[in-house]
Amino acid sequence: MKKIVTLLSLLALTASVPANAQTLSDSTVSLQDVVVTGTRNATELRYLPTTVTVLDRQALTGQNQPFILSTLSQQVPGFFVSGRGMMGYGVSGGAAGAINLRGISGSGGQMLVLIDGHPQYSGIYGHPIADSYQTLMAERVEVLHGPASVLYGSNAMGGVINIVTRGFQPGHDANETHINIGGGSYGTLQTEASYQERRGKLSITAAAQYNRSDNHRPRMGYELFGTYFKVGYDFSSHWNAYLDADFSHFNASYPDSVQNPIYSADQKISRGVIRAGIDNHYANTDGSLSVYSNMGQHRIDDGTHNPAEPTTRYFRSKDALTGVSWYQTLRLFEGNRLTVGFDYQNLYGKAYYTDKATGAVLHTPQIVNMKQAGRSHRDEFAGYVDIRQDILPWLTLDAGIRYDYLNITGDEWIPQAGVALRPTSNSTLKALVSKGFRNPTMREMYLYPPSNEELLPERLWNYELSWRQSLGAFRYSVNLYYIKGDNMIQTVNRQNVNTGEIENYGVEASADYRLNSHLSLSTNHSYLHMKNIIAYAPAYKGFLGARYNCGRWTAHLNAQYINNITTRVTPVRSTDSFVLLGASLAYQANSVLQLWARGENLLDQDYEIMYGFPMPGANFMAGVNLSF
């Protein structure tokens, strides 16, 4: 408590420090200060009680990373993603791509990934599929720290990652084509091509990519095919509609740990999403009605420890998450914003085994269990209200509540309340109390021997205090949080039960400073204390990055320190700490051609994020960007 009081005192003192450059005003609001994730419509961060980190397309593409999560893991405080190789995350046993924020795990379905506000996760397992979130589709990414269940329901108990897709904004007619080709260590290849066009009221975006890598260990090959398409049409200045779709297919091989090698563990995963919606924008009201469907088919060979005795069956699954989302925001009087919304979701899942030789479906206990339970479909209905009111020019109150009903577990009430104070024109002090929850997944209730049909939702409460300030070219933020949860689903005596607890607290800090027209610096740090340890959530994570631009040259240099990360919880806890140094360089040869190179783990560190999966040593990529 003494440390917290001291920190808050220092923050209060900084509010009186004068800025040497132009401060943020209503007419000069940065796009990174306007978000849609915390409120369903575009709002300045200083009016919201929530903490949101925003990365624009320049930040996402600056180092030519093909996957969104790789960039977020560096640049978002408190956020970390597990990895096991040069490229690819995979699914099933030993999969990487476990998302952690403040010690809340996405691999357990406690973190929600959205694409344009629509949930994206496996219908059976309830967790995000990390390989599906590719940079080619993203215009920007907004990460909401802490529960967002009031607006987004189940799975948003730990936070939300919202991928805002690409598309030309209304304005002058234009078209752009981008091609990126690169190759490097361990037979790694990344390619991407995209085309965007705006013609009057019509806008089109199309993109495709192919990536592959042998990775740094035998039997760890990976390849990905991805496509994205979006078309938008403006009926008038008040109404517009859109249709977009993305599809990805990846093949991944899984070698297991070096202590327990496995053979022929191959995965073929297809995921597809289609969305359509219509939006309205008026002076005192705006809203949206949309429909979406997220589908997947998985074929997995569980592999064998004896290559002379290959497996005789494939594990297969099909799932679909289909929904309807509607919200409307009203400005009833000055300083007021009232948002009401409704969500419906239908989840479908089917898991089974087939014979490799004949393709026949095998009658296994897993299939019988799901069929007997009659739970291959789940329906969820929810309605919510969020009210934000400016009490004074420097004070905004926000309160919301959601009623959520799942036909399996019943109903759930989710409240949230917060306040945003603006003591000066360039600073904000926020306080937030919010509840998060997660419904048990089909796997936890009906699939495999630990399943338990009597499971109830997981629940937690989040208490948060944050400070954010802009001092001319220097901006910084500090967040303090405390999380208390119960009813966590754990396996005890070979059965899933609601017996676990969460008690986490910590601090997150970030800052960026533009020294001059050539050089800018950014840094973020997070400290996490967990009463009950989970894997892949470092106790401390620090990042320092520098960007230098001069003429045709652009260089990035970054260093990340990971301290006391748990790589394995049971049977014996294992931890690791390491420093990663990376750099990239780009040369703009002319208006069309850019040459680039990237190096990672330049200190050639020996380290693990997942126990038994040594990460690559120093590795390099180089390529070209074409824009015309």
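Only a predicted model underlies this, so the values are computations on that prediction, with no experimental measurement involved.

## Brief notes about the overall build of the protein chain
A tally of regular secondary structure across the protein chain gives six helices and 35 strands. Over its C-alpha trace the protein chain gives a radius of gyration of 24 Å, about what one expects of a compact globule, namely 25 Å for 628 residues. Residues counted as buried form 54% of the 628 residues belonging to the protein chain. Long-range pairs, those at least 24 residues apart, make up 62% of the contacts in the protein chain between residues at least 6 apart in sequence. Working note: accessible area of the protein chain is about 25,900 Å², and carbon and sulfur atoms make up 59% of it.

## Some remarks on the sheet that holds strand 8 (residues 118–119)
In space, the five strands of this open sheet follow the order 3-9-10-7-8, with mixed pairing throughout. Looking at the sheet topology across the chains shown, the edges are occupied by strand 3 (51–56) and strand 8. Bridge count for strand 7 (residues 112–115) against strand 8 is two bridges, and the pairing is antiparallel. When the bridges of strand 8 are listed, Ile115 appears paired with His118.

## A look at the pattern of salt bridges
Close approach of charged atoms allows side chains with opposite charge to pair. What the rule picks out here adds up to 27 salt bridges. Glu44 is the partner of Arg46 in a salt bridge, and the nearest nitrogen-oxygen pair spans 2.7 Å. Given a relative accessible area of 11%, Arg46 falls into the buried group. The residue Glu412 makes a salt bridge to Arg459 at a minimum N-O spacing of 2.6 Å. Placement of Glu412 in strand 23 (residues 410–421) and of Arg459 in strand 25 (residues 458–471) is noted, with a sequence separation of 47 residues between them. Judged by its relative accessible area of 25%, Arg459 falls in the partly exposed class.

## Considering the pairing of strand 11 (residues 174–184)
Where strand 11 and strand 12 (residues 188–199) come together, 11 bridges link them in antiparallel fashion. Within the sheet, the bridge partner assigned to Thr177 lies in strand 12 and is Tyr195. Counting the residues in the hairpin turn of strand 11 and strand 12 gives three residues, including Tyr186, whose phi is positive at 60 degrees. Pairing of strand 11 with strand 35 (residues 619–627), which is carried by seven bridges, proceeds in the antiparallel orientation. Each residue of the ladder has a partner; that of Gly183, found in strand 35, is Ala622.

## Regarding helix 3 (residues 68–75)
With respect to burial, helix 3 is a largely interior element, six of its eight residues being buried. When helix 3 is considered as a whole, its buried residues turn out to be Ile68, Leu69, Thr71, Leu72, Ser73 and Gln74.

## Details of the environment of Thr50
Topologically, Thr50 is positioned in the loop between strand 2 (43–44) and strand 3. Judged by its relative accessible area of 3%, Thr50 is buried. Taking the C-alpha atoms as reference, Thr50 lies 9.0 Å from Val419; in sequence the two are 369 residues apart.

## Side note on the environment of Ala357
Inspection of the secondary structure puts Ala357 in the loop between strand 19 (336–355) and strand 20 (361–362). Relative accessible area serves as the criterion here: at 72%, Ala357 is assigned to the exposed category. Spatially, the C-alpha atom of Ala357 lies 43 Å from that of Gly623, the residues being 266 residues apart in sequence.

## Observations regarding the packing of aromatic side chains
Applying the stated criterion across every chain yields a total of 17 aromatic pairs. For the pair Phe67 and Tyr89, a centre-to-centre distance of 5.8 Å together with 75 degrees between the ring planes defines the contact as edge-to-face. With a gap of 22 residues between them, Phe67 in the loop between helix 2 (57–61) and helix 3 and Tyr89 in the loop between strand 4 (79–81) and strand 5 (99–101) connect regions that are remote in the sequence. Ring geometry for Phe67 versus Tyr222: centroids 6.5 Å apart, planes at 65 degrees, classification edge-to-face. With a gap of 155 residues between them, Phe67 in the loop between helix 2 and helix 3 and Tyr222 in strand 14 (residues 222–234) connect regions that are remote in the sequence. Both residues of the pair, Phe67 and Tyr222, belong to the buried class.

Parameters and conventions
Throughout, a residue's number is its position along its own chain's written sequence, starting from 1. Local features in this predicted model are restricted to residues whose pLDDT is 70 or higher, and side-chain atom pairs enter the listing and the counts only when it is 80 or higher, whereas totals over whole chains, interfaces and linings include all residues. Calculated side-chain values reflect all of the structure's heavy atoms, with hydrogen atoms and water omitted. The secondary structure listing takes helices from DSSP runs of H or I that are at least 4 residues long and strands from runs of E that are at least 2 residues long, numbered from the N terminus. Computation of the radius of gyration draws on C-alpha atoms alone. For the globule rule, the value is 2.2 Å times the number of residues to the power 0.38. Working definition: with a 1.4 Å probe on protein chains only, accessible area under 20% of the residue-type maximum means buried, over 50% means exposed, and in between means partly exposed. The contact criterion used throughout is that any non-hydrogen atoms of two residues lie within 4.5 Å. The Shrake-Rupley method, run with a 1.4 Å probe sphere, supplies the accessible areas, and residue values consider only the shown protein chains as cover. A pair of strands is labelled paired if DSSP reports no fewer than 2 bridges between them. By salt bridge we mean one thing: a side-chain nitrogen of Lys or Arg within 4 Å of a carboxyl oxygen of Asp or Glu. Pairing of aromatic rings covers Phe, Tyr and Trp, the last counted by its six-membered ring, and requires centre-to-centre distances within 6.5 Å; plane angles under 30 degrees mean stacked, over 60 mean edge-to-face, and any other angle means tilted.

The analysis is restricted to geometry; functional conclusions fall outside its scope.
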